[in-house]
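Given next are the chains, with one letter for each unit.
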Amino acid sequence: MNNQESKFSVDETMKRIELILHKKDIPVFAKFDHGKNAEEAGLKLRPNQVIVFGSPKVGTKLMQENPAISIELPLKISVWEDKNGSVWATFPQMKMMAAEYGLTGEPVIGKMQELLEKIVIQSASIY
């Protein structure tokens with residue numbers, strides 16, 4: 001996993017991720033607010049959200065090669081606050097993931113990694 005510190009709150013970082021995905025016409029399949037879910041269960045958890053997104057055209061090709069990679073797809077980015085109040089965005093290391101499924105030769109893996117990095121850097125940084 002890769003981590004990138006964000007200059008924004010969890011909510012703001014997540015909104016920025018969603019905006020970037022929308023501009024790129026990448027569908028968002030789900031969002032999970034673990035902090036809110038914990039609160040509803042009477043528990044405390046620092047802000048922690050996960051967004052699930054991707055392109056069926058890309059993911060399907062990988063699953064055709066090795067159906068087991070479906071456990072890793074669609075892509076996810078987690079945005080969370082640590083005990084010091086810093087906010088982080090965590091995303092998968094695609095080359096390592098691909099290696100686990102014998103898919104290191106797939107050219108799309110590098111493009112997926114590049115996309116994840118761009119989304120996280122743009123959403124977590126001030127320009």
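Just above, that's the structure.
Just so it is clear, the structure is predicted and the values come from calculations on it, not from any experiment.

Calculation notes
Residues numbered from 1 in each chain as written. Predicted model: local features only at pLDDT ≥ 70, side-chain atom pairs only at ≥ 80, totals over all residues. Heavy atoms only, no water. Helix = DSSP H or I, 4+ residues; strand = E, 2+ residues; numbered from the N terminus. Rg over C-alpha atoms; globule rule 2.2 N^0.38 Å. Buried < 20%, exposed > 50% of the residue type's maximum accessible area, 1.4 Å probe, protein only. Areas by Shrake-Rupley, 256 points an atom, 1.4 Å probe, with all protein chains shown as cover. Polar contact = N/O pair within 3.5 Å; in protein donor to acceptor, adjacent residues only side chain to side chain. Contact = heavy atoms within 4.5 Å. Phe/Tyr/Trp six-rings, centres within 6.5 Å; stacked < 30°, edge-to-face > 60°. 1 Å grid on protein atoms, 1.4 Å probe; cavity = no way out; pocket = protein on both sides within 12 Å on 5 of 7 lines; lining within 4 Å. Points joined across faces, edges and corners; volume = space filled by probe spheres on them. Core = buried A, V, L, I, M, F, W, Y, C linked by side-chain atoms within 4.5 Å.

Asks: Before we go on, may I ask you to explain the overall build of the chain in this structure?
Replies: A tally of helices and strands in the chain yields 5 helices and 5 strands. Start at the N end of the chain and walk to the C end: the helices and strands fall as β-α-β-α-β-α-β-β-α-α. A compact globule built from 127 residues should have a C-alpha radius of gyration of about 14 Å, and the chain, at 15 Å, falls within 12% of that. When the backbone C-alpha atoms are referred to their principal axes, the chain occupies close to 40 × 35 × 25 Å. Of all 127 residues assigned to the chain, the portion counted as buried reaches 39%. Total accessible area on the chain stands at roughly 7,700 Å², and carbon and sulfur atoms take up 54% of it.

Asks: Explain the side chain of Ser6 to me, please; I cannot follow it from the model alone.
Replies: Along the chain, Ser6 turns up in strand S1 (residues 2-6). Classification of Ser6 as buried rests on a relative accessible area of 6%. A polar contact is formed between the side chain of Ser6 and the backbone nitrogen of Phe8, at a distance of 3.0 Å. A polar contact is formed between the side chain of Ser6 and the side chain of Thr13, at a distance of 2.6 Å. Apart from residues lying up to four places away in sequence, Ser6 is in contact with Thr13, Val87, Trp88, Ser123 and Ala124.

Asks: Explain the packing of aromatic side chains here, please?
Replies: In this description, an aromatic ring pair is defined by two values, namely the gap between the centres and the angle between the planes. Considering all chains together, one arrives at 1 aromatic pair under this definition. Between the aromatic rings of Trp80 and Trp88, the centroid separation amounts to 6.4 Å while the plane-to-plane angle is 25 degrees, which identifies the pairing as stacked. Taking the relative accessible area as the measure of exposure, Trp80 reaches 24% and is therefore partly exposed.

Asks: Whenever I open this one, the layout of surface pockets confuses me. Can you help?
Replies: Unoccupied space between atoms shows up once a probe the size of one water molecule is rolled over them. Quantified by volume, the largest pocket comes out at close to 280 Å³. Around the largest pocket, the lining is made up of 18 residues, and of these Gly54, Ser55, Val58, Gly59 and Met112 lie nearest the centre.

Asks: I'm lost on unusual backbone geometry in this one. Help?
Replies: Excluding glycine, residues mostly have negative phi values, and the peptide bonds linking residues are mostly trans. Cis geometry marks the peptide bond from Leu73 to Pro74, where omega comes out at -5 degrees. For Pro74, the position within the fold is in the loop between helix H3 (56-65) and strand S4 (75-81). Residue Asp25 is not a glycine yet carries a positive backbone phi of 55 degrees. When you line up the elements, Asp25 lands in the loop between helix H1 (10-23) and strand S2 (28-33). Asp25 sits in the exposed class, given a relative accessible area of 67%.

Asks: It is not clear to me how the nonpolar core should be interpreted in this structure. Could you clarify?
Replies: One broad trend across soluble globular proteins is that nonpolar side chains are buried collectively. Counting residues in each nonpolar core, the largest one holds 28 residues, and the members touching the most others are Phe53, Leu62, Ile77, Val79 and Met112. When contributions to this core are tallied by element, the ones reaching two or more residues are H1, strand S3 (48-53), S4, strand S5 (87-91), helix H4 (94-100) and helix H5 (108-124). Here Ile77 is in contact with Ile17, Gln49, Val50, Ile51, Phe53, Ala89, Thr90, Phe91, Leu116, Ile119 and Val120, once residues within four sequence places are set aside.

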